[in-house]
Each structure stands twice: as structure tokens, then as C-alpha cells.
Amino acid sequence: MSRIIGYASGVFDLFHIGHLNVLKHARAQCDYLVAGVLTDEAAGHKGHAPVVPLHERLEIVRSMSYVDEAIIDNTLEKMEAWHQVGFHRLFKGEDWKGTARGAQWERDFAAVGVEVVYLPYTMHVSSTKLRRLIQQLIADGQR
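Being a predicted model, the structure only gives us computed values, none of them experimental.

1. Thoughts on the overall build of the chain
Here comes step 1: For the chain, the helix and strand inventory stands at 5 helices and 5 strands.
Here comes step 2: Helices (α) and strands (β) of the chain occur, in sequence order from the N terminus, as β-α-β-α-β-α-β-α-β-α.
Here comes step 3: Looking at the chain residue by residue over its 143 residues, the buried ones come to 43%.
Here comes step 4: Residue pairs at least 24 apart in sequence account for 78% of intrachain contacts in the chain once pairs closer than 6 positions are excluded.
Here comes step 5: Counting every atom, the chain has about 7,900 Å² of accessible surface; 54% of that belongs to carbon and sulfur.

Structure (C-alpha cells):
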């Protein structure tokens, strides 16, 4: 019996329970989980640079018990990661479902027999919300 390799990538900035949930749910659906941590350049799609440096984000993700291996991910084009890792399932948050990029992943990966699995999004927290809260606290403290 062959093992199922899963791949979950993200910025993993300001690590929070939503990140933990994605990794936990992904690991439950594969035998071996590789987590890709996006570089600052690849994370640029968010419109701002990550707060936590790449090497620290990588070390945080690498230390999670749900993660078997953590690698640096240089691009949102997950086919490159597939060529590097050879995964059977790509795990993404359900916030990607129905997006142009999500549809592209589904088409690309169907052609090579990889399943795209959308995982529940933790609605009450995100790195963007945490960043805004920190900025507001700083602004309020300067008044």
C-alpha cells in the first residue's frame, strides 16, 4: 500500500489557530504532510510583507506535530511544488474555493491525478485581522 502525501502551503504569518486547524485537518487526510511556507515575495499577493521573517515562519511550521516536513515555497503556482514534492493531495483553505486560482489548481491537478481538498476556514481569526488589530493598538497608544 502506498502512502498518501499531502501538501499544504501558506504564508503562516502571525501563526494562529486557523493555521493550526489547516495543518491538523490536512494531516488527518494524508499519511505524510509537507507544509510549504511562502517566501515574502510569493506572499506579496496579500498586498503586504509578512511580519514574521521567513526563517522563523519555517521553523514554527516545522515544529508542528502535524507536519512531517516543511519547505520553502517560492510561488503560488503549486505545480512547481508538485514537481518538487510529488504529493497526491493539495490542501487549501475553503476561502480559495470558487476563485480563479482555485479553479486553475483543480484543472491543473486533475490532469496529473492530484486531488484538491478544501479545508474549513477559521472565520474568527486571520493574520490580516491580527495585523489590523496590532496597527490599531499602536495607533491608539500614540494618541
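2. Digging into the side chain of Thr75
Here comes step 1: Note on placement: Thr75 falls in the loop between strand 3 (69-73) and helix 3 (78-85).
Here comes step 2: When neighbours within four sequence positions are excluded, Thr75 is seen to be in contact with Leu38, Ala42 and Glu80.

3. A few points about the nonpolar core
Here comes step 1: Grouped together as the largest cluster of nonpolar side chains are 18 residues, with contacts concentrated most on Leu23, Leu33, Val61, Val67 and Phe91.
Here comes step 2: Of all the secondary-structure elements, those providing two or more residues to this core are helix 1 (17-27), strand 2 (32-38), helix 2 (54-62) and strand 5 (115-119).
Here comes step 3: Beyond its immediate chain neighbours, meaning those up to four positions away, Val61 contacts Phe12, Phe15, Leu23, Ala35, Val37, Val67 and Ala70.
Here comes step 4: Within the second largest apolar cluster, 14 residues are counted, among which are Ile5, Ile71, Leu90 and Trp105.

4. Some details on the pairing of strand 5
Strand residues, when the strand is regular, have side chains that alternate between the two faces of the sheet.
Here comes step 1: Burial of strand 5 is extensive: 4 of the 5 residues sit out of reach of the surface.
Here comes step 2: The parallel pair strand 4 (residues 89-93) and strand 5 is bridged by helix 4 (residues 100-110), and the resulting crossover is right-handed.

5. Notes on the packing of aromatic side chains
Here comes step 1: Tallied over the full model, the rule gives 4 aromatic pairs.
Here comes step 2: Seen from their ring centres, Tyr7 and Phe87 are 4.9 Å apart, and the 10° between their planes marks the pair as stacked. You can see Tyr7 sitting in strand 1 (residues 5-10) and its partner Phe87 sitting in the loop between helix 3 and strand 4, a full 80 residues away along the chain.
Here comes step 3: A ring pair is formed by Trp96 and Trp105, whose centres lie 5.0 Å apart and whose planes are at 55°; its orientation type is tilted.

6. Some points on the sheet that holds strand 4
Here comes step 1: Taken in spatial order, the 5 strands make up an open sheet running 3-2-1-4-5, and their pairing is parallel. Among the strands making up the open sheet, the edge pair consists of strand 3 and strand 5. Neighbouring strand axes in the sheet, compared pairwise and without regard to direction, differ in orientation by 30° on average.
Here comes step 2: Each of strand 1, strand 2, strand 3 and strand 4 touches helix 3; the most contacted strand, strand 1, lies at about 140° to it.
Here comes step 3: Packed onto the sheet, helix 4 meets strand 4 and strand 5 and runs at close to 150° relative to strand 5.

7. Describing the pattern of salt bridges
Any two side chains of opposite charge can pair, given that their charged atoms come close.
Here comes step 1: Taken as a whole, this structure holds 6 salt bridges when the rule is applied.
Here comes step 2: Of the charged contacts in the structure, one is a salt bridge between Lys78 and Asp73, with a shortest N-O distance of 2.7 Å. Each member of the pair, Lys78 as well as Asp73, is classed as buried.
Here comes step 3: Across the pair Arg89 and Glu115 runs a salt bridge whose closest N-O atoms are separated by 3.1 Å. With Arg89 in strand 4 and Glu115 in strand 5, this pair connects stretches of sequence that are 26 residues apart.
Here comes step 4: The class for Glu115 is partly exposed, based on a relative accessible area of 42%.

About the criteria used
- Residues numbered from 1 in each chain as written.
- Predicted model: local features only at pLDDT ≥ 70, side-chain atom pairs only at ≥ 80, totals over all residues.
- Heavy atoms only, no water.
- Helix = DSSP H or I, 4+ residues; strand = E, 2+ residues; numbered from the N terminus.
- Buried < 20%, exposed > 50% of the residue type's maximum accessible area, 1.4 Å probe, protein only.
- Contact = heavy atoms within 4.5 Å.
- Areas by Shrake-Rupley, 256 points an atom, 1.4 Å probe, with all protein chains shown as cover.
- Core = buried A, V, L, I, M, F, W, Y, C linked by side-chain atoms within 4.5 Å.
- Right-handed = clockwise from strand over helix to strand, strands pointing away.
- Phe/Tyr/Trp six-rings, centres within 6.5 Å; stacked < 30°, edge-to-face > 60°.
- Pairing = 2+ DSSP bridges.
- Axes fitted to C-alpha atoms, helices over the stretch in contact; angles between N-to-C directions.
- Salt bridge = Lys/Arg side-chain N within 4 Å of Asp/Glu carboxyl O.

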